[in-house]
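Working through the structure, step by step
Next come the chains, spelled out residue by residue.
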Amino acid sequence: MSYAETETASQPDCWRRAAALAGGPEAAALPAAGERIAVVGCGTSFYMAQAYAGLRESSGHGESDAFAASEFPVGRGYDRVVALTRSGTTTEVLELLNRLRGTTRTVAVTADPETPVRAAADDLVVLDFADERSVVQTRFATTALTLLRAHLGLHAERVVADAETALAEPLPDGLLECTQFSFLGRGWTVGLAHEAALKMKEASLSWTESYPAMEYRHGPISISTAGTATWMFGEAPEGLPEQVRATGATWVDGPLDPLADLVRVQRLALARAAARGLDPDLPRHLSRSVVLDGA
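Let me sum up the structure you'll find in this document. (Residues numbered from 1 in each chain as written. Predicted model: local features only at pLDDT ≥ 70, side-chain atom pairs only at ≥ 80, totals over all residues. Heavy atoms only, no water.)

The subject of this paragraph is the packing of aromatic side chains. Two aromatic rings are characterised by how far apart their centres lie and by the angle between their planes. This model, assessed by the stated rule, comprises 8 aromatic pairs. Taking the centre distance of 6.1 Å and the plane angle of 50° together, the rings of Y211 and Y216 count as tilted. In textbook terms, an aromatic cluster arises when at least three aromatic residues are bridged by ring pairs, as seen for F181, F183, W231 and F233. Residue placement shows R36 over the ring face of Y78; its charged tip is 4.8 Å from the ring centre. (Phe/Tyr/Trp six-rings, centres within 6.5 Å; stacked < 30°, edge-to-face > 60°. Lys NZ or Arg CZ within 6 Å of the ring centre and 35° of its normal.)

All right, on to the sheet that holds strand 4 (residues 105-110) then. Spatial strand order, 2-1-3-4-5: 5 strands in an open sheet with parallel pairing. Both outer strands of the open sheet, strand 2 (64-68) and strand 5 (123-126), are each paired with one neighbouring strand and no more. Going from strand to strand, the sheet's axes swing by 20° on average, the running direction of each strand aside. Two elements, strand 4 and strand 5, share 4 bridges in a ladder whose sense is parallel. Across the sheet, residue V109 finds its bridge partner in strand 5, namely V125. (Pairing = 2+ DSSP bridges. Helix = DSSP H or I, 4+ residues; strand = E, 2+ residues; numbered from the N terminus. Axes fitted to C-alpha atoms, helices over the stretch in contact; angles between N-to-C directions.)

Moving on to the environment of V93. Along the chain, V93 falls in helix 4 (residues 91-100). Counting along the chain gives 53 residues from V93 to V40, while the straight-line C-alpha distance between them is 7.6 Å. Setting aside residues no more than four positions away along its own chain, V93 makes contact with G41, C42, A69, A83 and T85. (Contact = heavy atoms within 4.5 Å.)

What follows concerns the pattern of salt bridges. Scanning the model with the defined rule gives 14 salt bridges in all. Residues D123 and R105 are paired through a salt bridge, measuring 3.0 Å at the closest nitrogen-oxygen approach. Remark: R105 occurs in strand 4 and D123 occurs in strand 5; sequence separation between them is 18 residues. Using a relative accessible area of 40% as the deciding quantity, one classes R105 as partly exposed. (Salt bridge = Lys/Arg side-chain N within 4 Å of Asp/Glu carboxyl O. Buried < 20%, exposed > 50% of the residue type's maximum accessible area, 1.4 Å probe, protein only.)

With 13 residues, helix 6 (residues 139-151) should cover 18 Å at 1.5 Å per step; its first-to-last C-alpha distance of 18 Å lies within 8% of that length. Counting buried positions along helix 6 yields 12 of 13 residues, so the element is predominantly enclosed. Residues of helix 6 that are buried: R139, F140, A141, T142, T143, A144, L145, T146, L147, L148, R149 and A150. Following helix 6 by one or two positions, G153 has its phi on the positive side, about 80°. (Expected span 1.5 Å × (residues − 1).)

On to unusual backbone geometry. Of note in the backbone geometry, L205 takes a positive phi value of approximately 55° without being a glycine. Inspection of the secondary structure assignment puts L205 in the loop between helix 8 (189-204) and strand 7 (208-212). When its relative accessible area of 33% is taken as the criterion, L205 is described as partly exposed.

Restricting attention to buried positions, one finds in helix 2 (residues 11-21) the residues Q11, P12, C14, W15, A18 and L21. In this fold, the buried residues of helix 2 make contact with helix 1 (3-9), strand 5, helix 6, helix 7 (157-168) and helix 10 (258-275).

What follows deals with the nonpolar core. Generally speaking, nonpolar side chains in soluble globular proteins are found buried as a group. Core analysis: the biggest nonpolar cluster contains 60 residues, and V109, L127, L147, F183, L192 and F233 have the highest contact counts within it. The residues touching F233, leaving out its near neighbours within four places in the chain, are F183, L184, G185, R186, T189, L192, A193, A196, P258, D261, L262 and V265. F67, A83, L97 and L100 belong to the second-largest nonpolar core, a separate cluster that totals 17 residues. (Core = buried A, V, L, I, M, F, W, Y, C linked by side-chain atoms within 4.5 Å.)

Have a look at this one:
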């Protein structure tokens, strides 16, 4: 098995550990209710930041924005900035944390505390049990989001049970043969849709796109046809499944929690990689962390 397969399969256990941490001393470093916050990251971590910010604000915990670390609006006032960084070495994240030192409280959620992020952030939350050897992120990203979700009081054991189901049940028929995938979300699940599209690109070089679900009718649905798939995270807008099926495309949704549904996409990405003879642990042109020369 590849590292990515092993790491994907370990997510239910990782989520249980993260949910337990949310009620421990680590919680003191995380945003308090009512704080105005920004969440930053790069790549997968940016999409998890989008999901967390959407969850936090929509559940009444306070204004919450999400940015790619390179696009953070320095000068805008926040009570706290949360940085998601598996490696703790990503150049854009470290530069931003150093720039914010002394002006805005920062906390980094990382898998490796023995990296430069230790000195760059004011506070550190360590999920070393969710670290990964694969370049492609799976369990660290979902474990970090589980921690943050649990801290908001929005995690339940059912989510873990759904992840176990996502790992055990067969994937929907015909997806390995599809030529294109569109992933859709609403609210916090838009971030999950973006991450699903990225995972399929990284691991299996699949042609993917991702959108807020209500935007799909505004042009992107034109790509739907026989041999393509449209995958919805969470509840679909009324009438959209029928419209997509009418194009001949495959519509995918399900009763699982949206984060658990992301595990199904991870499995699909790995299955497509295997079918194409690709190594998901070492995707082309990618490395575990982007460290820029001269940074």
